[in-house]
Amino acid sequence: MPVSLTNLSTILAQVSKYLIIILMVIYTVQCYTVFRYRTKQSQSYVFTRQNVSMFIIHFVAYLIMFLDQQNIQIAVFYVIQLAYLLLALLLLTHLYPKSSRLLVNNMLMLIAIGLIMITRLTYASAVRQFEMEAVGTVLALIIPVIVRKAMGLTKLTWFYVFVGLGLLALVLVAARSTYGAKLSLSIHGFTFQPSEFVKIIFVFAVAGLLSGKKDRKRIIIATALAAAHVLILVASTDLGSALIFFITYLVMLFAATRNPFLVLSGVVAGILAAVLAYFMFAHVRVRVQVWLDPFSDYAGTGYQVSQSLFSIAAGGWFGTGLGQGSPTAIPVVQQDFMFSAICEELGGIFAICLILVCLSCFIMFINIAMKLENRFYRLVALGLGSTYAVQCFLTVGGDMKMIPMTGVTLPLVSYGGSSALATIVTFSIVQGLYTMRRDEEDKDEEEKYGQYGSYGQYPDDGYGSYGQKKQNSRVDPGPGNQSEFGRK
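Residues numbered from 1 in each chain as written. Predicted model: local features only at pLDDT ≥ 70, side-chain atom pairs only at ≥ 80, totals over all residues. Heavy atoms only, no water.

Visitor: Help me out: how do you make sense of the nonpolar core in this one?
Guide: The biggest cluster of nonpolar side chains holds 126 residues, and the ones touching the most others in it are I342 and I429. Among the elements that line this core, the one with the most residues is helix α4 (residues 101–121), at 15 residues. Among the domains, domain 1 (1–149 + 281–441) and domain 2 (150–271) are the pair contributing at least three residues each to this core. Apart from the residues lying within four places of it in its own chain, the contact partners of I342 are I113, M117, G347, F350, A351, L354 and V413. In terms of nonpolar packing, the next biggest core, distinct from the first, is built from five residues, V390, L394, I403 and V408 among them. (Core = buried A, V, L, I, M, F, W, Y, C linked by side-chain atoms within 4.5 Å. Buried < 20%, exposed > 50% of the residue type's maximum accessible area, 1.4 Å probe, protein only. Helix = DSSP H or I, 4+ residues; strand = E, 2+ residues; numbered from the N terminus. Domains from an automatic or database assignment. Contact = heavy atoms within 4.5 Å.)

Visitor: Honestly, the state of the cysteines in this entry has me stumped. Any pointers?
Guide: Covalently bonding the sulfur atom of one cysteine to the sulfur atom of another cysteine gives a disulfide. The tally for this structure, following the rule as stated, stands at zero disulfides. Summary of cysteine pairing: C31 is not part of a disulfide, and the nearest cysteine sulfur, belonging to C361, is at 7.5 Å. Using a relative accessible area of 1% as the deciding quantity, one classes C31 as buried. Free of any disulfide, C361 has its nearest neighbouring cysteine sulfur in C358, separated by 6.2 Å. (Disulfide = S-S within 2.5 Å.)

Visitor: Before we go on, may I ask you to explain the pattern of salt bridges in this structure?
Guide: Where charged atoms from two side chains of opposite charge approach closely, those side chains can pair. Overall, the coordinates contain three salt bridges when judged by the stated rule. Here E196 ties to K199 by a salt bridge, and the two come within 3.2 Å at their closest N and O atoms. With E196 and K199 both in helix α7 (residues 194–210) and three residues apart, the pair spans about one turn of that helix. A single burial state applies to E196 and to K199, both of which are buried. (Salt bridge = Lys/Arg side-chain N within 4 Å of Asp/Glu carboxyl O.)

Visitor: How do you make sense of the packing of helix α9 (residues 239–257) against helix α16 (residues 375–399) when you look at a structure like this?
Guide: To characterise two packed helices, one gives the angle between the axes of the helices and the distance between these axes. The interhelical angle for the contact between α9 and α16, taken along N-to-C directions, is 140°, at an axis separation of 9 Å. For the pair α9 and α16, the crossing hand works out as right-handed. Across the interface between the two elements, G240, L243, I244, I247, T248, V251, M252, A255 and A256 of α9 pack against R375, L379, L382, G383, S386, T387, V390, Q391 and L394 of α16. Each residue belonging to the contact of α9 with α16 can be placed in one class, and the counts come to 11 nonpolar, six polar and one charged. (Axes fitted to C-alpha atoms, helices over the stretch in contact; angles between N-to-C directions. Left-handed = near helix turned anticlockwise from the far one by under 90°. Nonpolar A, V, L, I, M, F, W, Y, C, P; charged D, E, K, R; others polar.)

Visitor: When you look at the packing of aromatic side chains in this model, what are you seeing that I'm missing?
Guide: Any two aromatic rings considered together are summarised by their centre-to-centre distance and by the angle between their planes. If you walk through the whole model with that rule in mind, you get 20 aromatic pairs. Relative to F130, the ring of F77 has its centre 5.7 Å away and its plane inclined at 85°; by these criteria the two rings are edge-to-face. Linking F77 in helix α3 (residues 72–95) with F130 in helix α5 (residues 123–149), this pair joins segments that are 53 residues apart in sequence. Accessibility expressed as a relative area gives 4% for F77, which makes it buried. The class of F130 is buried, set by a relative accessible area of 13%. (Phe/Tyr/Trp six-rings, centres within 6.5 Å; stacked < 30°, edge-to-face > 60°.)

Visitor: In this structure, what is going on with the side chain of Q431? I would like to understand it.
Guide: Here Q431 is to be found in helix α17 (residues 417–449). In terms of polar contacts, Q431 uses its side chain to reach the backbone amide nitrogen of S100, at 2.8 Å. Q431 has contacts with S99, S100, L103 and V104, leaving out every residue within four places of it along the chain. (Polar contact = N/O pair within 3.5 Å; in protein donor to acceptor, adjacent residues only side chain to side chain.)

Visitor: I keep staring at the packing of helix α14 (residues 338–346) against helix α15 (residues 348–371) and nothing clicks. Help me out?
Guide: Two elements in contact, α14 and α15, have axes separated by 7 Å at closest approach and are oriented at 140°. Viewed along their axes, α14 and α15 adopt a mutual orientation that is oblique. Across the interface between the two elements, F339, I342, C343 and L346 of α14 pack against G348, F350, A351, L354 and I355 of α15. (Parallel < 35°, antiparallel > 145°, perpendicular 65-115°, else oblique.)

Visitor: Please clarify how α14 should be interpreted in this entry.
Guide: The α-helix advances 3.6 residues per turn, and as a result positions three or four apart in sequence lie on the same side. Counting buried positions over the nine residues of α14 gives nine, a clear majority of the element. Residue G347 follows α14 closely and has a positive phi angle near 100°.

Right, dumping it as structure tokens:
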């Protein structure tokens, strides 16, 4: 009896899930083992293997969806994405050879996973997400140049403050309410979420205030302005973003002052504010009650979290296979519960690897921040890394019922054009800071060893594009490897 395309897609979905998991495990392991290699050529080889894993996962996933839906649009969309991923990889690595290749790979891998899952859930949403990510990638080609060349970024502190507070105030006054929170503005049919971009502006503002002299006045001003951002978000009932701003500020405050008493005072104030919010906002009380026992009102307020837990349990370690689960049973799955959908269809192993890839990005952010000499840029990199990590934790923790749901997205994976665009901008800013640091190191080496250095005929461009390098050439930063930034 001939096998129909539907049956073939089901069989392939069951077989391919193991291939996808194996490739994801390989990719994730290489995120942490690549820095064992001390030469640029060896690292470049590992990064290329990561790209191969990403492209195979992307191809297999879209092949399964095409056979399942038998829709030519899926095939066309895959080809367009493939061209985008290839072009983005080539441009980002060749225009900025001194950038962190691991951050480029991780960003594109997260984008690919997000597009796969959003396409599986809603094709139209995937197209809109792809459009925003394409715009973000264009910005990613420009922003590092701005960061490297625009030296006045450190002098615009109050500009950052006024723009950030102004945008949040505009949201409070003019935004439409979504699920009880004022989040988005609509202009001529284009909807965006300003708080996603204010996160970046907020980090620059706090960095400007805390990077100067460590006096009490500046700390009080910085704390007051940070509190103003948080209070406006609380008034807009965007408590997820308020929590991200609050934690990010505490991390930056500790990094700038090294005073644990200030951070402890902030934590106590945050706990008191959370208790106050519980009594002030009905939807906060609902979320806490759902967190404590979602099954007590399964058909009502607890339905969303209950379905999320069912999805995670149904997926087990290896998943049901792409297109073989029921993640759409979770309300607002593509925005708030994408991690649960991944657990169900791609499995717990894949989901753990996804968390580790996100953690790899955070480690890279912190490692880069630690090696920046300029206090302002160091705080910016640290703040952006903290914002990214907190957002990932809130999303994954909420989906697993580890913490109450906050309604924030998983960066680059969940559906949300503003979130995707802001995250790509975040990655590109950190890449610009890292590239600027590498430029400074090359300049120092030229001054020390002469124009071309004493180790070889050609200068070290940090990427291995000039042929044979000196043996102690710097490599990309990573866990346990401090050699790449060099030491003066």
